[in-house]
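# Residue-level structure breakdown
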Amino acid sequence: MTNNQFKKVTRLEVDRILTHGVFQKCQLSLNFTHSQKVIKVKLATIPEDKFKRIYVLPQEVEDLKDKLCAFSFKIGTQMYFFKARIRFNQRGFYVEAPTDQTYVLARRKHIRFESHPKFPIYCSVVVSNDGKAKVSGQLLNISTAGASLRLGEDQTIFKKGNPVHALIKPEQSSGFTVQGTVRYVKQKSGKPTEVGLEFAALDVMQTNKINSICEELSFYIFTR
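Residues numbered from 1 in each chain as written. Predicted model: local features only at pLDDT ≥ 70, side-chain atom pairs only at ≥ 80, totals over all residues. Heavy atoms only, no water.

With that out of the way, let us pick up the overall build of the protein. Counting secondary structure elements, the protein contains two helices and 16 strands. Taken across its 224 residues, the protein has 46% of its residues classed as buried. In the protein, 59% of the contacts between residues at least 6 apart in sequence involve partners at least 24 apart. Per element, the accessible surface of the protein, about 12,700 Å² overall, is 50% carbon and sulfur. (Helix = DSSP H or I, 4+ residues; strand = E, 2+ residues; numbered from the N terminus. Buried < 20%, exposed > 50% of the residue type's maximum accessible area, 1.4 Å probe, protein only. Contact = heavy atoms within 4.5 Å. Areas by Shrake-Rupley, 256 points an atom, 1.4 Å probe, with all protein chains shown as cover.)

Here's what the structure looks like:
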């Protein structure tokens, strides 16, 4: 993801967001023993709190006090992000209102979402009509327009313009297939081949499946 895919949220808009009270679908990420740890949380605001604090309710036991965390949450179809240090008082964990440091994912037609090890996705591509030329790959990014894959080894069967069928399967859900066309093949000596696919004629189910994957991946944007 690049910076131009984020838009800073104004103070007025942040104030409007804070009136929602409880945000159900949220998570935070924090550094944990030299790696990233992602925790599902609920965020809640209290109308009578003049400081407009946001209370953090982890869905698992975790000591969050004084941890600097990246938060992501969704309202409707908009995805919001901010970073803040978690404090603690008699009501529990909280962060100060992120008045000047809240961002929203820009609403664009086709945003590519990068893969993340916390959300494994299996992918294989069939090049031939008889289904024999099947190659497994590592998903690099995806949108409803297409995807990029890194193959396990050099594969000369891929040519620009080839029609293909791709199986995409997140680890925790059922897989689905899409038709597409090879748009580029990058081959460098000693490095895995990278292939770019453009999807074709997606139906409603396929579009919804890809959008669901993109939504899951969007939660990891600030965890890198």
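Let us look at helix 1 (residues 11-18). Within helix 1, burial applies to Val14, Ile17 and Leu18. For helix 1, the buried positions fall inside an angular range of 95 degrees around the axis, keeping them on one side. (Arc of directions from axis to C-beta.)

Let us look at the packing of aromatic side chains. This structure, assessed with the given rule, holds five aromatic pairs. An angle of 50 degrees between the planes, with centres 5.9 Å apart, marks the rings of Tyr55 and Tyr94 as tilted. Of this pair, Tyr55 sits in strand 4 (residues 54-58) while Tyr94 sits in strand 8 (residues 92-95), and the two are 39 residues apart along the sequence. Seen from their ring centres, Phe73 and Tyr80 are 5.4 Å apart, and the 15 degrees between their planes marks the pair as stacked. Across from the ring centre of Tyr94, 5.0 Å away, lies the NZ or CZ of Arg53, which sits over that ring. Taking the ring centre of Tyr184 as reference, the NZ or CZ of Lys186 above it sits at 5.1 Å. (Phe/Tyr/Trp six-rings, centres within 6.5 Å; stacked < 30°, edge-to-face > 60°. Lys NZ or Arg CZ within 6 Å of the ring centre and 35° of its normal.)

Counting 34 residues, the largest nonpolar core has Ile142, Phe158, Ile168, Leu197 and Ile213 as its most contacted members. If one sorts the elements of this core by residue count, helix 2 (residues 204-218) sits on top with four residues. In contact with Ile213, not counting residues within four places along its chain, are Phe119, Ile121, Ile142, Ile168, Pro170 and Phe176. Counting residues in hydrophobic clusters, the runner-up holds 26 residues, among them Ile17, Cys69, Phe71 and Tyr80. (Core = buried A, V, L, I, M, F, W, Y, C linked by side-chain atoms within 4.5 Å.)

Further remarks concern the pattern of salt bridges. Going through the model one piece at a time under the given rule, you end up with seven salt bridges. Lys52 is the partner of Asp15 in a salt bridge, and the nearest nitrogen-oxygen pair spans 3.1 Å. Of this pair, Asp15 sits in helix 1 while Lys52 sits in the loop between strand 3 (35-45) and strand 4, placing them 37 residues apart in sequence. What makes Lys52 partly exposed here is its relative accessible area of 40%. Arg87 is the partner of Asp66 in a salt bridge, and the nearest nitrogen-oxygen pair spans 3.2 Å. (Salt bridge = Lys/Arg side-chain N within 4 Å of Asp/Glu carboxyl O.)

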